[in-house]
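Fold and contact review
What follows is each chain in one-letter form.
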Number of protein chains: 2
Amino acid sequence: MRDNQKRSLILHKKYQGKFAVSSKVSIKNNDDLSWAYSPGVAAPCLEIQKDKKHAYDYTSKGNMVGVITDGSAVLGLGNIGPDAAMPVMEGKAILFKEFANIDAIPLCLNTSSTEDFIKACVQLEPTLGGINLEDIAAPQCIEIERALKKRLHIPVFHDDQHGTAIVVSAALINGLKLIDKRMEDLSVLLVGTGAAGHAIARMLHQLGIRHIQAYNKDGAVTKNNSKDDISIQSLIDDAIIDVNVSEHATLDDLIKSKDVVIGVSVGNILSTSMIKSMNKDPLVFALANPTPEISPELAKDAGAKIIGTGRIDYPNQINNVLAFPGIFKGVLLNKIIDISDEIKAIAAYAIAETIEPTDLSVDYILPSPFDKRVVENIVNAITRHTENQK
Amino acid sequence: MRDNQKRSLILHKKYQGKFAVSSKVSIKNNDDLSWAYSPGVAAPCLEIQKDKKHAYDYTSKGNMVGVITDGSAVLGLGNIGPDAAMPVMEGKAILFKEFANIDAIPLCLNTSSTEDFIKACVQLEPTLGGINLEDIAAPQCIEIERALKKRLHIPVFHDDQHGTAIVVSAALINGLKLIDKRMEDLSVLLVGTGAAGHAIARMLHQLGIRHIQAYNKDGAVTKNNSKDDISIQSLIDDAIIDVNVSEHATLDDLIKSKDVVIGVSVGNILSTSMIKSMNKDPLVFALANPTPEISPELAKDAGAKIIGTGRIDYPNQINNVLAFPGIFKGVLLNKIIDISDEIKAIAAYAIAETIEPTDLSVDYILPSPFDKRVVENIVNAITRHTENQK
């Protein structure tokens, strides 16, 4: 076991988890009890009964987010189940607190039925101001998110899809400032078409990219070989990815003459010769964790201009924590129910613009999550957008 | 609107609810992130995947309680729904925190189906160390609690039933110390046979009381008039209540020559002449809220020796907050899954024994919930009991 894993075990045991509850008010005598609990509490209850919207005035709902999983696709560990997913959900909950002062609660649901999962989330709606879906396997995650966005009156966001897509987009926005290429001219290869890949493709399209080809475990993505995958089908139907390629095209064939390759697949799938076959000044985002699609050292040697990974120990970490705290804070404050493609693009630009143009470099295209301006910028951008719409 | 209601509204709005989340650990740099979240967090996940019991070592589960309702029987307000129930559930959650340092989360479920409610609780099990069911209408609450106790491997406790029963029992235990009567000789009338009434009857039986008659909105409880109520039927089947009374018996008839009357029904249903018809030194627990079955002043005038109510502004408040924090702390610490009749009786005696014999008086049979020894005594008693069983 690596040292950081050992240390993590020791610290998790020491604190017995990371999540705790606190009270906004002090209950020290009968007077406190009688306003915060019985009999005074009847008053806010009755106001909310009159109009559910008052829940945002008299309860914590407006700042509460459920971090909800079934444990079916946790980190790089796979389907480890809801009990074993708890350390990740607690971690996410405290990141919400630390980075955006949002009260997030971990909720690990014991079910393997998509229908039951949806039903549980629907039942949980009265308590929550928003839902952050987490670590759910594809394609169920896409079905779940779609159903919940339709049925609920609170924002729903699957972080593994959209968080990743937003931060990749921010990285691309800043990367392009360092090379002489425009969004609409870029030719992109997407390696991996799971939850994250699907969302990245949609987001790149939203940013104006018109040439995206895709490759996954079944080979080149074409009309024929993706019949059973409704999420890929929707990308084809919406003309987001270009499937006008041979079914027999290899990864070597597809990556040739691309400007950008984005891997959300498995470790070591890309070779130096592949990178060398790309267009000049290629951007390589190798996000498989913990082993990237190609090591940053090899990619650099092969001529990659800008490299991003999911790893904390390399420059340009594509870290979702850059996105979800600010996005949820922004939509909760502005009472936005639908985290639309537009909101996601606004967030991506806000993250990118946190870095001053003069500070940008190939090793610094994304701000640190500890840079407090990240959340501020996202929140301000969402607020400006909301006010402009009024 | 009364002053305390107005004040409650103002304060709830000021704080925007009462519940908040906090982090047990500080996340200030990449090093913190890498043990508390990715990649270090994989280690505790994998340990729990190997053995679910490790969740109690590496996560907050062991100290987490879900305060779960459907909003169908909130305070004295009735079926106001899950949204409007949130201020009460938040209140309960912070009482757990303030009185026993338990991390409790409010969960208001949007469903009117008993089956769906049960299913949601089953799905939530991986996150929770225990479930406190709250403000659910009878008889659904009894069915729900029974089903969950069977299906889950964490303690489940419906506070409106058992919390009330335990505190009534503690009051009775101390009350008997002030009058010359023994538990087994007592003759008790129970007015009201809903969730609380049902649990009180079972608990009194557990304490050794053998003469309990009951009266409810349909009149005297007999074999015939309770056919449709499975919870009353179970009291009859288990020989807990005596139904050997005339179907036409009135409340006046039934209360005659009783030692104790316990009301969990509606305001002003008891008269002074009824109290006068009871045995010498009667105990009157009039728990209807906010208007008791008889006002303490009238009961006193009519000769009641000891009077308890649900009201904070009279002596001897039967307040569930005396029971649930200590009971949950005790069972969580001792990893007890079944909050059995024995555990409940242990808690009742522990609450009663918090008052020194020399301090006992007719106006002081229950300790203040702010007396820190209450929780300590319950926890210690449960721990001693657990150790004796090993």
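Quick look at the structure, then. (Residues numbered from 1 in each chain as written. Chains lettered and ligands numbered in written order. Predicted model: local features only at pLDDT ≥ 70, side-chain atom pairs only at ≥ 80, totals over all residues. Heavy atoms only, no water.)

Overview of the interface of chain B and chain A
Across the boundary between the two partners, chain B contributes 90 residues, which contact 90 residues of chain A. Connecting chain B to chain A are eight salt bridges. A salt bridge links Lys28 of chain A to Glu98 of chain B; the shortest N-O distance between them is 3.2 Å. When residues of the side of chain B that touches chain A are traced back to their parent elements, those giving at least two are helix 1 (3-15), strand 1 (19-23), helix 2 (30-36), helix 3 (42-50), helix 4 (55-58), helix 5 (81-100), strand 3 (103-108) and helix 6 (114-124) of chain B. In terms of residues, the side of chain B that touches chain A owes the most to one element, helix 5 of chain B, which gives 14 residues. When its residues are assigned to classes, the side of chain B that touches chain A shows 48 nonpolar, 24 polar and 18 charged. As defined by bridge partners, strand 1 (residues 19-23) of chain A adjoins strand 1 of chain B across five bridges and the pair is classed as antiparallel. If you follow Phe19 of chain A over to strand 1 of chain B, its bridge partner there is Ser23 of chain B. (Contact = heavy atoms within 4.5 Å. Salt bridge = Lys/Arg side-chain N within 4 Å of Asp/Glu carboxyl O. Helix = DSSP H or I, 4+ residues; strand = E, 2+ residues; numbered from the N terminus. Nonpolar A, V, L, I, M, F, W, Y, C, P; charged D, E, K, R; others polar. Pairing = 2+ DSSP bridges.)

Re the pattern of salt bridges
Residues and elements named next belong to chain A. Summed over the entire model, instances satisfying the criterion amount to 36 salt bridges over all chains. Between Asp103 and Lys97 there is a salt bridge whose closest N-O contact spans 2.7 Å. Accessibility assignment for this pair places Asp103 and Lys97 in one class, buried. Ionic pairing is found between Asp338 and Lys149, a salt bridge with its closest N-O pair at 3.2 Å. Of this pair, Asp338 sits in the loop between helix 14 (324-333) and helix 15 (341-352) while Lys149 sits in helix 7 (residues 140-151), and the two are 189 residues apart along the sequence. Given a relative accessible area of 41%, Asp338 falls into the partly exposed group. A residue is classified by how much of its surface remains accessible, and Lys149, at 32% relative accessible area, is partly exposed. Through salt bridges with shared partners, a single ionic network connects Lys92, Glu134 and Asp159. (Buried < 20%, exposed > 50% of the residue type's maximum accessible area, 1.4 Å probe, protein only.)

Some details on the sheet that holds strand 8 (residues 219-220) of chain B
Residue and element names in this part refer to chain B. Judged by pairing direction, the sheet is mixed, and its six strands sit side by side in the order 8-7-6-9-10-11 without closing on themselves. Because the sheet does not close on itself, it has two edges, and the strands there are strand 8 and strand 11 (306-309). Relative to strand 8, strand 7 (residues 211-216) runs antiparallel, the two being bridged by two bridges. Pairing of Tyr215 across the sheet is with Ala220, part of strand 8. Strands strand 6 (187-191), strand 7 and strand 9 (260-263) of the sheet are contacted by helix 9 (residues 195-206), whose axis makes an angle of about 165° with strand 6. (Axes fitted to C-alpha atoms, helices over the stretch in contact; angles between N-to-C directions.)

Re the side chain of Asp135 of chain B
Residues and elements named next belong to chain B. Within the fold, Asp135 resides in the loop between strand 4 (130-133) and helix 7 (140-151). Put simply, Asp135 is tucked away with no salt bridge, and the nearest opposite charge, on Lys92, sits 6.8 Å away. Beyond its immediate chain neighbours, meaning those up to four positions away, Asp135 contacts Thr69, Asp70, Gly71, Ser72, Ala73, Val74, Leu75, Val88, Met89, His158 and Asp160. (Lys, Arg positive; Asp, Glu negative; His and termini not counted.)

Considering the relation of the copies chain B and chain A
Of the transformation superimposing chain B on chain A, the axial component is 0.0 Å and the angular component is 180°, with the fit at an RMSD of 0.0 Å. Classification of the inter-copy transformation places it as that of a two-fold axis. Judged by C-alpha distance, Val21 of chain B is the residue of chain B that lies nearest the rotation axis, at 2.2 Å. An overlap of 100% is found between the interface residues of chain B and their copies at the interface of chain A, pointing to a shared contact surface. (Least-squares fit on C-alpha atoms with pLDDT ≥ 70 in both.)

Examining the packing of helix 6 of chain B against helix 7 of chain B
Describing two packed helices takes the angle between their axes plus the distance from one axis to the other. All names here are of chain B. At a closest axis distance of 10 Å, the pairing of helix 6 and helix 7 adopts a crossing angle of 35°. By crossing handedness, the relation of helix 6 to helix 7 is classed as right-handed. Every residue of helix 7 that contacts helix 6 at Thr114, Phe117, Ile118, Cys121 and Val122 is listed here: Gln140, Glu143, Ile144, Ala147, Leu148 and Arg151. Of the residues that constitute the contact of helix 6 with helix 7, the class distribution is seven nonpolar, two polar and two charged. (Left-handed = near helix turned anticlockwise from the far one by under 90°.)

Structural notes on the state of the cysteines
All names here are of chain A. Going through the model one piece at a time under the given rule, you end up with zero disulfides over all chains. As a non-bridged cysteine, Cys121 has Cys108 as the owner of its nearest cysteine sulfur, 12 Å distant. Free cysteine: Cys141, not disulfide-bonded; nearest cysteine sulfur from Cys121 at 13 Å. Cys141 gets classed as buried once you look at its relative accessible area, which sits at 0%. (Disulfide = S-S within 2.5 Å.)

Overview of the pairing of strand 9 of chain B
Residue and element names in this part refer to chain B. With burial as the criterion, each face of strand 9 is covered, one bearing Val260 and Ile262 and the other bearing Val261 and Gly263. Sheet topology note: the strand 6/strand 9 ladder contains four bridges and is parallel. When the bridges of strand 9 are listed, Val188 appears paired with Val260. Taken together, the four bridges between strand 9 and strand 10 (residues 283-286) define a ladder with parallel strand orientation.

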